[in-house]
Amino acid sequence: MRRILLLTLFAWGLLLSGCKDDGTRKTYPVTGTLTINGKPAEAGVLVYLHPQYPEQDRYPIHPKGETDANGAFQITTYRSNDGAPEGDYLITIDFPQRVGMSPHFSGDLFNGAFANKESNKSRPEFQLKVEKKPNTLTLNLTLTPEQVAAFEAAKKKAQEKQGGMFNLSGQ
């Protein structure tokens, strides 16, 4: 009887100790807003957080968020809107074009202007330190007149491919 009790306690101990380390890090809420030339970003702009610390996790992390129609977003790492682990991050942003009515994407309506990690490293607005508390991020992108023209042309081309069914401009 004593042996069964000890084996049962040992088994429970193994089970509980296995539950403690699922290979994930504690996350903290990260919410934000994205504006482009002073206006809220359209729905579908992707905001990526790239860790700037040595990752020793069992599962590498890839925190990201997607803007809604008001330019608001929440970062997800493991589970929907759970935030990101504590640490320093580099931010990249792109606006993928939807291919037809499929869930697949192609290209970047910003033409890579905010998606380059190397060029973003020197820009303080693309740096984020996630702390052990709720974190808020405000991103204000500025497109040059040339970038605006290229952006509008890419949106128009994408709309034509969609036959007018998928309106990227939100109008």
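Our subject is the structure that appears above.
Along each chain, numbering runs from 1 in the same order as the chain's sequence is written. pLDDT decides what is reported in this predicted model: residues at 70 or higher carry local features, side-chain atom pairs at 80 or more are listed and counted, and totals for whole chains, interfaces and linings draw on all residues regardless. Think of the side-chain values as coming from all heavy atoms in the structure, minus any hydrogens and water.

Draft legend 1. Region of the structure containing the overall build of the chain. For helices the rule is a DSSP run of H or I covering at least 4 residues; for strands it is a run of E covering at least 2, with both sets numbered from the N terminus onward. A tally of regular secondary structure across the chain gives three helices and 12 strands. Buried means the residue's accessible area, taken with a 1.4 Å probe over protein chains only, is under 20% of the maximum for its type, while exposed means over 50%, and partly exposed covers the values in between. Of all 171 residues assigned to the chain, the portion counted as buried reaches 35%. Residues are treated as being in contact if the distance between any of their heavy atoms lies within 4.5 Å. Restricting to contacts in the chain with at least 6 residues of sequence separation, those with at least 24 account for 67%. By element, 56% of the accessible surface of the chain is carried by carbon and sulfur atoms, the whole surface being about 10,900 Å². A 1.4 Å probe and the Shrake-Rupley method give the accessible areas. Residues count as covered only by the protein chains that appear here.

Draft legend 2. Summary view of the sheet that holds strand 8 (residues 87–94). Strands were regarded as paired on the criterion that DSSP finds at least two bridges between them. Taking strand neighbours across the sheet as the criterion, the four strands line up as 5-4-8-11 in an open arrangement whose pairing is antiparallel. The sheet is open, and its two borders are formed by strand 5 (64–66) and strand 11 (127–130), each paired with just one other strand. Strand-to-strand, the axes of this sheet are offset by a mean angle of 30 degrees, without reference to chain direction. Axis geometry follows a simple rule: fit a line to the C-alpha atoms, using only the stretch in contact for helices, then measure angles between N-to-C directions, giving values from 0 to 180 degrees.

Draft legend 3. Layout of the environment of Gly107. On the secondary structure map, Gly107 appears in strand 10 (residues 105–108). Take Gly107: its relative accessible area is 52%, and that puts it in the exposed class. Along the sequence, Gly107 and Pro96 sit 11 residues apart, while their C-alpha atoms lie 5.5 Å from each other. Sequence-distant contacts of Gly107, defined by excluding residues within four places in its chain, comprise Phe95, Pro96 and Gln97.

Draft legend 4. Representation of the nonpolar core within the structure. Residues belong to one nonpolar core when they are buried, are Ala, Val, Leu, Ile, Met, Phe, Trp, Tyr or Cys, and are joined through side-chain atoms within 4.5 Å. Leu34, Tyr89, Ile91, Ile93, Phe110, Leu128 and Leu139 are the most contacted members of the largest nonpolar core, which totals 30 residues. Of all the secondary structure elements, the ones that give two or more residues to this core are strand 2 (30–36), strand 4 (46–51), strand 8, strand 11, strand 12 (135–141) and helix 3 (145–162). Here the element with the most residues in this core is strand 8; it accounts for four residues. In this view, Tyr89 contacts Leu49, His50, Pro51, Gln52, Tyr53, Ile61, Pro63, Ala84, Phe126, Gln127, Leu128 and Val130; residues no more than four positions away in its chain are not counted.

Draft legend 5. Here's a closer look at the pairing of strand 2. Of all seven residues in strand 2, five are buried, a share of seventy percent or more. As paired elements, strand 2 and strand 12 share seven bridges and run parallel to each other. Bridge assignment links Thr33 to a residue of strand 12, and that residue is Thr138. Examined bridge by bridge, strand 2 and strand 6 (residues 72–74) share three bridges and lie antiparallel to one another. Each bridged residue has a counterpart across the sheet, and for Thr33 the counterpart in strand 6 is Ala72.

Draft legend 6. Main features of the side chain of His50. Structurally, His50 can be placed in strand 4. The exposure class assigned to His50 is buried, which follows from its relative accessible area of 19%. Side-chain atoms alone can form a polar contact between residues adjacent in sequence; in general such a contact is a pair of N or O atoms within 3.5 Å, and within protein one must be able to donate a hydrogen while the other accepts it. Within the structure, the side chain of His50 is placed 2.7 Å from the side chain of Thr92, a separation counted as a polar contact. Discounting residues that sit within four places of it in the chain, His50 has contacts with Asp88, Tyr89, Leu90, Thr92 and Lys117.

Draft legend 7. View of the environment of Asn111. Assignment of secondary structure puts Asn111 in the loop between strand 10 and helix 2 (117–120). In this structure Asn111 comes out as exposed when scored by relative accessible area, which is 68%. Sequence-wise, Asn111 and Pro96 are 15 residues apart; in three dimensions their C-alpha atoms are separated by 9.4 Å.

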